Structures are given as structure tokens and as C-alpha cells.
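Residues per chain, in single letters:
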Amino acid sequence: MIEFELTFMDFLLEHQERHGRTYHFLILMNSILNAAKRIQHFYLTGALRGNLGPAGCINVQGEKTMKLDQIANEVVKNYLFRSGRVIEAISEEEEKPVLMNPSGRYFVYFDPLDGSSNIPHNLPVGFLFGIAKRNLEGPEDNHLRAGQEYIAAGMFVIPTGTFTIALKDAGCWRFHIDETMNYVKPIKLELPNDQKKWELSYNSAHRYYYDHRIKDWLEKNEKKYQFRYLGALAGDFHRILTNGGLFLYPAIVNHPDPGKNYPNGKLRLMYEAAVVSFMCQEAGGSAVDEKGQSILAIQPQQPHQRTALYLGSKELVDEITEVLSS
Ligand code: AHM
Ligand code: MG
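A quick note: this is a predicted structure, and the numbers were derived from the prediction, not measured.

Asks: Describe the site of ligand 1, with residues and values.
Replies: Surveying the vicinity of ligand 1 reveals 13 residues, the closest of which are Asp114, Gly115, Ser116, Asn203 and Leu233. When residues of the shell around ligand 1 are sorted by domain, at least three fall in each of domain 1 (8–189) and domain 2 (199–324).

Here it is, written out as C-alpha cells:
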């Protein structure tokens, strides 16, 4: 007997039909899966084709662009455009929102290749995306949506082939890629309560420059947990989703070189922080910024807005929120 595994598309079809929804979302997701597979291909062949180095330019964020950042951005734009379902997309690599189809149905906010410092090593990176739906009742006037208005958000860990997606009020699900490049075997994720498994994840080189309350909290509490840091949000958050704990990228406020401070945090709200926070909430966790306010409630003022991020098991995020309000 052949055993057929449930693919992501089977899973999504069932979900849409159970809720009496249209197939537009399936078409959009098909384009996102195709983009992820194509990025994965370019990443796996990157060393041989000489694609793992810098592109020689600086992006809108003032950061060095890698060749693969550019390739992945072109790949995602191409597939989203061809789906015909996207009104407008916001990409980490594009200064302005990319207009696609004015009568489309969705907004997509994406980081095509997150964790650029891992690219030269061919180590895990992420493709992150958040999706919001247009206002179907009237004219669309707000293209920058807060995370709580996303209908879905997900991430591919490339090149390991894992894909995790959260659907609004329907949970957070992980899929693995099989040998035919299908995403299969949905596993529902719930952040575990067992504190013995919990991990902390942050760039320890920056700890001296955090607000003193966070620095003190780390000093008092970090011995209780394992410490893991990959330097790519998708990979680090992948572990937190499975093991529980806390990922933190606090504001950097006390750097001796003021040019290296990130008073509003480093991560971008719309296509990094809100994406993982949406997924975390669907898995029973939560996320706040440096003021202790919910990441999902922040109304973006501009596409590339940055935020500090404290993300993971609810108890730990609540503890941090209290520290930040002291
Ligand atoms: P990028 O979009 O330039 O790749 O930066 C985002 C990445 C995240 O994936 C990761 O969590 C963080 O930056 C790592 O930063 P650092 O190298 O400062 O630890
Ligand atoms: Mg990024």
C-alpha cells in the first residue's frame, strides 16, 4: 500500500472549504510556495554559481545587500505578480510599496531572505511573509496594516525545507518538505509549558548596550534556561516555537558609538516582527515591543518601521512587560 501524506495544498483546500471561503487564497499561497522553492534552489546552488557574496550596493535600510537578497526579492515579486491576487506588496528590499494589481485581493508584506549574515556560510535563512485582505466593502485606503489585521503569516527556513504558517484563529502549523518538494505532514504547534525545555535567544554581544532593566533581568534569569542563537530570526524562532522560551532583540541604547544604537530596535515591524508575533500568538505565545505594548497592535506609520521585539512563551513575555513598565 502506498501511503499518501497530506500536502499543504490539501490542508489549505480543506480549511477553505470547511470555512466556506473562496479559492483566491489558495492561488496566492501557491505563488508563495513556488517562490520559496525557487529561492531554496538558488540558495542550494549559490556557492557553485558564485551567488553567496555581496551585491555591491546598499539597500533602503542602509545595509549591504547580498546577491541572494536581490535574487530572492525578484523571485517573490515575480510569483506574487503572476498570481494576480496581490494589490500591493511591501518588501524589505524595495524602498516603496510595489503596486501589482489594483483589483487584487491581498496585501503581502515580505522579507525575501532574512538573516543575511548567514548567506556566505550557506547556513539557515528565512523567507517571511504576512498577508492582509483588502476591505471588500469599500475603497481601500489603508495599505499598512497592523499585525492583528493579518489573515495569515508564515516563514520558510531555507534550505532546511521547513515551512510554518499561522492562519487567523486556526492555529500555527509546521510542514516538512519531502523529496518531491511538497510541503507535507502538518503538525499543530503549541508553545510547551515545560520550562525545562525553554531557551533564550539573543545577540549576546549587544547585552551591555541594552536598557539597564533588560540587562539586569538577563543577569538574574538567564542561568535558568538554555541559550541558542543562530542569527536568523526564522531559525531562532523555529526553535522557540518548538521548545518555548524567549527570543529578544531589544533596543540598543547605550552603545559607545552612538551611530551603532538602534533606539527603536533593529527588526522591521511589518515583515519581520509582526509576522513572527502573529505566528507566536496562534501557537499560544505573545510578543511586545520596548514599551511593553503588543507588537500586533502597533499601527505602522511607514513600511520599513523598526521595532524592538520580545517574543515567545507568554509567561516570559509577561515577565518582561512588567520589567519594562518598572
Ligand atoms: P536582515 O534582514 O538584515 O537579515 O536582519 C535581520 C536579522 C534577523 O534575522 C536576526 O534575528 C537579526 O537580524 C540578527 O541580527 P544580529 O546579526 O545583530 O544578531
Ligand atoms: Mg530581514
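Having seen the model, we can carry on.
Asks: Before we move on, could you go through the sheet that holds strand E8 (residues 162–167) and cite the residues and values that matter?
Replies: Within the open sheet, the eight strands sit side by side as E4-E3-E5-E6-E7-E8-E9-E10. Their pairing is mixed. Each edge of the sheet is formed by a strand with only one pairing partner; in this case those strands are strand E4 (98–99) and strand E10 (183–189). Here strand E3 (residues 86–91) pairs with strand E5 (residues 106–114) via five bridges, running parallel. Paired with alanine 89 across the two strands is valine 108, which belongs to E5.

Asks: Give me the environment of phenylalanine 278: which residues, what numbers.
Replies: Tracing the sequence through the fold places phenylalanine 278 in helix H7 (residues 269–282). Taking C-alpha positions, phenylalanine 278 is 9.6 Å from isoleucine 165, a pair spaced 113 residues apart along the chain. Once you skip the residues sitting within four places of it in the chain, phenylalanine 278 turns out to touch Gly130, Gly147, Tyr150, Ala153, Ala166 and Leu296.

Asks: I'd like to hear about the environment of alanine 153, residue by residue, with values.
Replies: Here alanine 153 shows up in strand E7 (residues 150–158). With 28 C-beta atoms packed within 10 Å, alanine 153 lands in the buried category. Considering only alpha carbons, one finds alanine 153 and phenylalanine 4, 149 residues apart in sequence, at a separation of 27 Å. Filtering out sequence-adjacent residues up to four positions away, alanine 153 remains in contact with Phe129, Gly130, Ile131, Ala166, Val275, Phe278 and Met279.

Asks: Give a description of the environment of aspartate 178 that names residues and reports values.
Replies: Relative to the elements of secondary structure, aspartate 178 occurs in the loop between strand E9 (171–177) and E10. On the neighbour-count criterion, aspartate 178 (13 C-beta atoms within 10 Å) is partly exposed. Dropping the residues within four chain positions of it, aspartate 178 is found in contact with Glu5 and Val184.

Asks: Outline the pairing of E9, listing residues and values.
Replies: Regular strands place their side chains on alternate faces of the sheet. For E9, the tally of buried residues reaches five of seven residues, placing the bulk of the element in the interior. Pairing analysis gives six bridges linking E8 to E9, with the strands arranged antiparallel. Along E9, the bridge assignment pairs isoleucine 165 with tryptophan 173. Between E8 and E9, which pair antiparallel in sequence order, lie three residues; one of them, aspartate 169, sits at a positive phi of approximately 55°. Here five bridges tie E9 to E10, and the two strands are oriented antiparallel to one another. Along E10, the bridge assignment pairs histidine 176 with valine 184. Between E9 and the antiparallel strand that follows it, E10, lie five residues; methionine 181 among them carries a positive phi value of about 70°.

Criteria and thresholds
Residues numbered from 1 in each chain as written. Chains lettered and ligands numbered in written order. Predicted model: local features only at pLDDT ≥ 70, side-chain atom pairs only at ≥ 80, totals over all residues. Near = placed C-beta within 6 Å. Domains from an automatic or database assignment. Pairing = 2+ DSSP bridges. Helix = DSSP H or I, 4+ residues; strand = E, 2+ residues; numbered from the N terminus. Contact = placed C-beta atoms within 7 Å. Buried ≥ 20, exposed ≤ 12 C-beta atoms within 10 Å, placed from the backbone.

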